[in-house]
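# Residue-level structure breakdown
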Amino acid sequence: MRILHTADWHLGKTLKGVDRTPEIAAALEEVLKIVEEERVELLVAAGDLFDRPQVPAEAEAVFFDFLMRLKELGVPLLGVAGNHDPRARIAAWRGVLGLFGAEIEAELRFFEEGGVRERGALRAALLPFLSERRLVKAAELMEKDVGEQQLAYAERMRKVLENLARGFSPRTANLLVGHLTLEGANLKLGGGEFTFYVGNSYAVPAEALPTGAGYVALGHIHRQQRVSDAPLAYYAGSLIQLDFGEGEDAPRGAILLELEPGRPARVLEEIQARWGKPLKTFRFSLEELERRALELERFPGYAKLALKGRPDPVLRERLLSENPHLLEVVFEVEDAREGSGSAEAEVLGVEEAYRRYHEETYGEAPEEALIRAFRRAREEAEDAAASA
Ligand SMILES: [Mn+2]
């Protein structure tokens, strides 16, 4: 069976007020072309089809138009909800999706509850995103320290995977679709998904993946990569470059594979696409600005400008109004972030992670007053947990 594995569409995504949905719609057109040309028999979407719980009407229109076209090609869609998806809505669409031959698992169902779909020789185990809060009970979150919680998370994910693997047999074509962080996955240049969910703090160890799976189709990390050989597991990567934090050159796109009963999948092509507009951060000193302005103007995608020097709101406003494709201007105080440049997500403290989250979300470092408030709220939460 020929399968095309995609993930992280993020319909409804906006970046600094710019709606990315038309770019994602164009990428989905390319996906349809691949489905047709490569005679794909099943399309997989491993979570984050949408960017947020409140789905904009335009995103919904693109989604259902896409399903209609896919149905015309006679190709079913199997997917799971990611952490960004509107779970309740996807659950409510179940009957409607069925009309298109599409199934998206919104909430975890165990094997006994039908969490593994049977279609001919195919057995598809569907694992939607499970946050540590869902998986590690609230009481344990308060009682156990972070290390213990992470172990509890990994242990529970292992049990969930073991349970779903009961649906696999040596005579079936076994597929696992999941939205999760796999331990050891390369998070660098996948910065758009840099939130508290990504980082190796709550990750699934690769050895927890069921060995009976012929292929594991993953979503959540936006950089395309193979993360396990046995079982064979891939992140397909996002369809388009979603955030400035994601490397312009980071691989993304889709994975085309052949899955037959009783053996590991054969990957036919790691499709590394350049769908959507590129995003690039330009780092100039104030002195370089005049001289290198043309580089910025000629860039065909969306640009972010990081200027070394003291914040100058007037200059920022001028630059933003002069360059429509310039979406962000931030000022970097010399050396402020140099020291942490090599730090990886898993070694960042919560406060530093929050700083980076703020920078990536709002395009500038949080003010000290906000950091102080964050610190206070955290201490209060910890005190409450300690006395509970
Ligand atoms: Mn995502």
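Each remark here, short or long, concerns the structure printed above.
Residues numbered from 1 in each chain as written. Predicted model: local features only at pLDDT ≥ 70, side-chain atom pairs only at ≥ 80, totals over all residues. Heavy atoms only, no water.

### A look at the overall build of the protein
Counting secondary structure elements, the protein contains 12 helices and 17 strands. Residue burial in the protein is summarised as follows: out of 388 residues, 52% are buried. Pairs at least 24 residues apart make up 66% of the contacts formed inside the protein by residues separated by at least 6 positions. Per element, the accessible surface of the protein, about 18,300 Å² overall, is 50% carbon and sulfur. (Helix = DSSP H or I, 4+ residues; strand = E, 2+ residues; numbered from the N terminus. Buried < 20%, exposed > 50% of the residue type's maximum accessible area, 1.4 Å probe, protein only. Contact = heavy atoms within 4.5 Å. Areas by Shrake-Rupley, 256 points an atom, 1.4 Å probe, with all protein chains shown as cover.)

### Here we look at the sheet that holds strand 17 (residues 326-332)
Adjacent strands of a sheet form backbone hydrogen bonds with each other and so pair up, either parallel or antiparallel. Taken together, 3 strands build an open sheet; the order of strands is 15-16-17 and the sheet is parallel. The open sheet has two edge strands with one neighbour each: strand 15 (279-285) and strand 17. Averaged over all pairs of adjacent strands, the angle between strand axes in this sheet comes to 20 degrees, irrespective of strand direction. Relative to strand 17, strand 16 (residues 302-308) runs parallel, the two sharing 6 bridges. The residue of strand 17 that forms the bridge with Ala-306 is Val-330. Along the sheet face, helix 10 (residues 313-322) touches strand 16 and strand 17 and points at about 155 degrees away from the line of strand 17. (Pairing = 2+ DSSP bridges. Axes fitted to C-alpha atoms, helices over the stretch in contact; angles between N-to-C directions.)

### A short note on the coordination of the manganese ion
Protein coordination of the manganese ion is provided by Asp-8 (OD), His-10 (NE2), Asp-48 (OD) and His-222 (NE2), with donor distances spanning 2.1 to 2.4 Å. On the basis of relative accessibility, which here comes to 0%, the residue Asp-48 falls in the buried class. (Donors = N, O, S within 2.8 Å, 3.2 Å for Na, K, Ca; no water.)

### Points about unusual backbone geometry
Ala-230 connects to Pro-231 through a cis peptide bond whose omega is -5 degrees. Residue placement: Pro-231 occurs in the loop between strand 11 (225-228) and strand 12 (233-235). Of note in the backbone geometry, His-10 takes a positive phi value of approximately 60 degrees without being a glycine. For His-10, the location among the structural elements is in the loop between strand 1 (2-6) and strand 2 (14-15). Residue His-10 is classed as buried on the basis of its relative accessible area of 2%.

### Some thoughts on helix 7 (residues 146-164)
The terminal C-alpha atoms of helix 7 lie 27 Å apart, and with 19 residues this matches the ideal 27 Å at 1.5 Å per residue to within 8%. Taken together, the buried positions of helix 7 are Gln-149, Ala-152, Tyr-153, Ala-154, Met-157, Val-160, Leu-161, Asn-163 and Leu-164. (Expected span 1.5 Å × (residues − 1).)

### With respect to the pairing of strand 7 (residues 116-119)
As judged from the 4 bridges shared by strand 7 and strand 8 (residues 122-127), these two strands associate in the antiparallel manner. Its bridge partner being in strand 8, Arg-119 is matched across the sheet by Leu-122. In sequence, strand 7 turns back onto strand 8 through a hairpin of 2 residues, with Gly-120 there showing a positive phi of about 60 degrees.

### Comments concerning the side chain of Asp-8
With respect to the helices and strands, the residue Asp-8 is situated in the loop between strand 1 and strand 2. Here Asp-8 is buried and forms no salt bridge, its nearest opposite-charge partner Arg-252 lying at an N-O distance of 10 Å. A polar contact of 3.4 Å, which involves the side chain of Asp-8, links it to the side chain of His-10. Contacts of Asp-8, omitting those with residues within four sequence positions, involve Gly-47, Asp-48, His-179, Gly-219, His-220, Ile-221, His-222, Ser-238, Leu-239 and Leu-242. (Lys, Arg positive; Asp, Glu negative; His and termini not counted. Salt bridge = Lys/Arg side-chain N within 4 Å of Asp/Glu carboxyl O. Polar contact = N/O pair within 3.5 Å; in protein donor to acceptor, adjacent residues only side chain to side chain.)

### As for the packing of aromatic side chains
Inspection of every chain in the model, using the stated rule, returns 12 aromatic pairs. An angle of 65 degrees between the planes, with centres 4.9 Å apart, marks the rings of Phe-50 and Phe-63 as edge-to-face. Here Phe-63 lies in helix 2 (residues 57-72) and Phe-50 lies in the loop between strand 4 (42-45) and helix 2, a separation of 13 residues in the sequence. Take Phe-50: its relative accessible area is 0%, and that puts it in the buried class. Phe-63 sits in the buried class, given a relative accessible area of 0%. Following the ring pairs from residue to residue traces out a cluster consisting of Phe-50, Phe-63, Phe-64, Trp-93 and Phe-100. (Phe/Tyr/Trp six-rings, centres within 6.5 Å; stacked < 30°, edge-to-face > 60°.)

### Quick word on the pattern of salt bridges
One pass over the structure, following the stated rule, counts 25 salt bridges. Across the pair Glu-29 and Arg-69 runs a salt bridge whose closest N-O atoms are separated by 2.8 Å. Of this pair, Glu-29 sits in helix 1 (residues 21-37) while Arg-69 sits in helix 2, and the two are 40 residues apart along the sequence. According to the relative accessible area criterion, Glu-29 is partly exposed, its value standing at 34%. Its relative accessible area of 35% is what places Arg-69 among the partly exposed residues.

Read these as spatial facts, not as claims about activity.
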